[in-house]
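Report on the structure
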Amino acid sequence: MIDDSMKEIINDFVQEALELLDSLSENFIELEKNPDDKELLNTIFRAAHTIKGSAGFLGFQNLVELAHSAENILNRLRQGEIKLTSDMMDYLLKTMDILTAMIRNINDTGEEGNFDNEEIIRKLNMLAADEGTEEAAAEQRTEEIKPAEGNFGTANNNISPQEAESSESNKNTDSNITNANTNSKNDNKKNTAESSIPADGSNTGGEKNHPKRKVRNLGDILLEDNLMSPDELSQILKEKEEEEKTEEKSEEKNEQKNEQKEDANKINNTENLNETVKTAETEKQTVNKVPQAPAASPEIKKPVLAAVQPQPQMQQMHPAVTAPVETTIRVDVERLDNVMNLVGELVLSRNRIFNIASKLELKYPEDEFTDTLIEVVSNLNLITTDLQLAVMKTRMQPVKKVFSKFPRMVRDLSKELGKEIELNIAGEETELDKSVIEEIGDPLVHLIRNSIDHGIEMPEDRIKAGKSKAGTINLSAEHEGNYIIIEVSDDGKGMDPDILRKKAVEKGLIDDKTAASISDKDALSLIFAPGFSTKDKVTEISGRGVGMDVVKTNIQKLNGIIDIESEKGKGSDIILKLPLTVAIIQTLIIGVEDEVFAIPLNSVVETLRIPESSIQTIDNHEVINLRKSVLSLLRLSEEFSVGASQNKPLQSAGNAPAADKKALSGKEVYVVVVALAEKRIGIVVDTLYGQEEVVIKSLGDYQFGYKGISGATITGDGKVVLIMDIASMIDVLQKR
Amino acid sequence: MEQETVKMPDSKKADENAGVDAIMQLVTFTLGSEEFALDILKVQEINRMVEITKVPKAPNFVEGVINLRGKVIPIVDIRKKFHLNLKESTKDTRIIVVNILGKTIGLIVDSVSEVLRINSNTIQPPPPLVASLDSDYIKGVGKLDDRLIILLDIDKIFTAGEHNLIESSVK
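So, how was this worked out
Sequence positions are assigned chain by chain, starting from 1 and proceeding in written order. To label them, take the chains in the order written and letter them from A, then take the ligands in the order written and number them from 1. Note on the predicted model: pLDDT of at least 70 is required for a residue's local features to be given, and 80 or more for side-chain atom pairs to be given and counted; whole-chain, interface and lining totals, by contrast, use all residues. Based on all heavy atoms of the structure, the side-chain values leave hydrogens and waters out of the count. Under the scheme applied here, a residue whose accessible area is under 20% of the maximum for its type counts as buried, over 50% as exposed, and between as partly exposed, the area being computed with a 1.4 Å probe on protein chains only. Only runs of H or I of at least four residues qualify as helices and only runs of E of at least two qualify as strands under DSSP, and these elements are numbered from the N terminus. When DSSP locates at least two bridges between a pair of strands, those strands are taken to pair. We count a salt bridge whenever a side-chain nitrogen from Lys or Arg sits within 4 Å of a carboxyl oxygen from Asp or Glu. Patches here: salt-bridge-free residues with over 30% relative accessible area, like charges joined within 9 Å, nonpolar side chains (Val, Leu, Ile, Met, Phe, Trp, Tyr) joined within 5 Å. Computed by Shrake-Rupley with a 1.4 Å probe, the accessible areas treat only the displayed protein chains as cover when residues are assessed. A positive count includes Lys and Arg, and a negative count includes Asp and Glu. His and the chain ends are not counted in either. Where a charge lies is defined by one atom per residue type, namely NZ (Lys), CZ (Arg), CG (Asp) and CD (Glu). In this text, buried Ala, Val, Leu, Ile, Met, Phe, Trp, Tyr and Cys residues form a nonpolar core when linked through side-chain atoms within 4.5 Å. Two residues form a contact once any of their heavy atoms are found within 4.5 Å.

Quick word on the pairing of strand β7 (residues 571–579) of chain A
Residues and elements named next belong to chain A. Of all nine residues making up β7, eight are buried, and the element is well covered by its neighbours. Here strand β5 (residues 483–490) pairs with β7 via seven bridges, running antiparallel. Of the residues in β7, the one forming a bridge with I485 is K577. The pairing of strand β6 (residues 561–567) with β7 spans seven bridges and is antiparallel. The partner of E567 across the bridge, within β7, is G571. Between β6 and the antiparallel strand that follows it, β7, lie three residues; G569 among them carries a positive phi value of about 90 degrees.

Okay, structure coming up:
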């Protein structure tokens, strides 16, 4: 039944609706704080309405009903008829959840699914009807007084200016080819707004607006959205009324014709067009006076403007196309990835040309062609760098996409736990790569849950500790060079390294000896161990010791670094340092014997040059003392068994460094200090060549059974350089 | 033979109808003094020797990886695979890039001689006591004038275990 084009439309709808719902839940939380914010209410209302409208057009009746009930409440809130209560908010949020679930279901199956919404709709209607019967009646009266009602063409996501029975509106709705409901619409002209909900049996017959369905009149909308002053409106309405009377007869003719041949509407209406163009024009002008119109974001098309356009050629198109403010397009991520790969290749070629050019410059200094070549190459260099940046930007998304779900989460959880928590979000406009965005959601959820559950104390405890009653969680994002720093901090009770040590021993994660020897900072890192939890009881929110493990795994996947700071009694601060993108990375090129390797620069903390003699051995492990903290060392030449050590039997590898050390005791070595998630180790290398920006080439199928290499890249001279996998290097060291 | 040149030889058909008259196109190469051949349809390209990046802890017969126009592919020294004496690369040394079971792999050979068109009926099954080589990946021996060409079945050249080594053992 659902063909491809329909699928595409549904897909678009799902995408749009999910985005709207996302922003909705955020807006709701905001609204709870500022219940009198009219602008916000309007934004929410419009979003809800857009969803309802699109759903109605696609025939998702259940969805429409639910959205409609929610919209009723919103409308009354907006008009200041009822006050927002916490109870109401709960139901509205719940409605959002159900809507999201339904839309997800549509996405998966193409069907609405069997959601039993009766209960919530009843509740919503009750809330909406609350203390509102009188007003409802009044509303009904006003509707009757105004014979020239506007029409609300939800079906097209579009306010059709069916200024009463003007042929303008007739044309507008009917010529929308996508509208499958033209017939009933014409029948129901007097029934105005209802007509746009397809297949609604109650629509037939020319009865007046059903009082229970609070669909807004165009006039109301124009007023509410400040598009028109009441004076202007009544002026226009008066004009309309007169016009309408004269048109009544020709109208009826039209209707009959329409029933026979819907598509021919445009022709039928041309005679009427001239009469009404003037009115439409006036209206258009009025509307245009307020250019900000109703659209809160480009996602929400400006319905009024789109619909009032009198040009016939516009109306032949789908309303989404005619929407004047379409500034975004949706592009398949795969296509972007493709462009990204091509740019990657281009960067490689540029590097090679650059290399050749600099060699030529050395070989033929003062040569005219060499000079020109250098000039061209540096220009190419600039362009590719810009191109690379531009392509990368297409994949960038504001971190808001992830952050926006947290206010809701904090609200729900703190309510559940009886805590008072304020969430401050900063830097949500910070942009980072889509792939990174996708990975950081889960870790942040766990970090914030942790702060709520473990960090922030109960209100009474906070007062006892001399803190304010409400706890604060700060969530911030900011750029730092090629990285993004995401910080989750709270002013809760902080972490006690001693308790962490004790728990870790209890859980058998470390032994007593290790517990005693690790520093306070390392003790804090214990929270990332799988299975670690300070809770004795597993609750719904935490206690299984999984969360922090998820944080660590995801951050590791992104080559990110985790830093924890915590002061007992004052709160904790968890800092995530993540690369902006994953496809093109900065690397440190190092040499071991004759081989060259690349280390992702975002894992590199610092490089040191130390004498061999400062390397100590603890428990057969080589370590150095770096600013009072013990750093384990990994000799890359041994790990990769390149060069001379290749022929040594494995079991003697342990003794080898000792022998080497004696021979080389006067020599200095380079140590690259690398970090991943919360761990730090030093890698001993022979040479440091410098930094290079490289494009990661997957080794794909060819891993040779070794995890120490995460990929390869092609350097300026066309050579393949292998990129080291820091995670497995750290693993290697830990297993020893 | 002339009248058959119009038809493009189909190696698969040749495989199935071994013994029936069919023309096969083979790429021949040398390892030491012996001449080998591969079905031309398995060969993607033939390149000069380039610098090979060693891969730590790779299996012994894997020489390393090279950059093939932006793609990183593994290189196998076929001498090592056949347990022949190792030899320094010369100006004749070539890398034959082949597709083995959907994977692109480069093979180092001493030199590439020519592309041969031979009638499949001149290819005989390998003699039971053929040389020092494991006969599983020897499809047959082609006789051409006084030359003997060993036809390799490239898909069988690596054992399952070796395939696993080359492939990801991680995923």
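Side note on the pattern of salt bridges
Residues and elements named next belong to chain A. Inspection of every chain in the model, using the stated rule, returns 23 salt bridges over all chains. Among the salt bridges present, the one from R501 reaches D498, with a minimum N-O distance of 2.8 Å. Taken together, the residues R501 and D498, both in helix α21 (residues 497–506) and three residues apart, mark about one turn of the helix. Looking at D498, the relative accessible area reads 51%, which means it is exposed. We note a salt bridge from R635 to E612, for which the minimum N-O separation is 3.0 Å. Note that R635 is positioned in strand β13 (residues 629–635) and E612 in the loop between β10 (604–611) and β11 (616–618), a separation of 23 residues in sequence. Both residues of the pair, R635 and E612, count as buried. Several salt bridges converge on common partners, so that one network encompasses D90, D97, R408, R411, D412 and K415.

Details of the sheet that holds strand β8 (residues 111–119) of chain B
Residue and element names in this part refer to chain B. Spatial ordering of the open sheet is given by β8-β1-β2-β11-β10-β9, a layout of six strands whose pairing is mixed. Of all strands in the sheet, those with a lone pairing partner are β8 and β9 (123–124), marking the two edges. Looking at chain direction, strand β10 (residues 138–144) and strand β11 (residues 147–152) are connected through six bridges and run antiparallel. Residue pairing for β11: L144 is matched across the bridge by R147.

Describing a negative patch on the surface
All names here are of chain A. A grouping of E361, E366, E368, D371 and E375 is seen on the molecular surface, where their side chains present a negatively charged patch. Tallying contributions element by element places helix α16 (residues 368–394) first for the negative patch, with three residues. Mapping E366 onto the fold places it in the loop between α15 (333–363) and α16. A residue is classified by how much of its surface remains accessible, and E366, at 77% relative accessible area, is exposed.

Notes on the nonpolar core
Residue and element names in this part refer to chain A. Within the largest apolar cluster, 50 residues are counted, with the highest numbers of intra-cluster contacts made by F403, F406, I440, L444, L475 and I486. No other element matches helix α19 (residues 434–455), which puts eight residues into this core. If we ignore the near neighbours within four places in the chain, the residues touching L444 are V402, F403, F406, L475, I486, V488 and L576. Of all hydrophobic cores here, the second largest spans 45 residues; its members include L31, F60, I73 and L93.

Any link to function would need more than the numbers given here.
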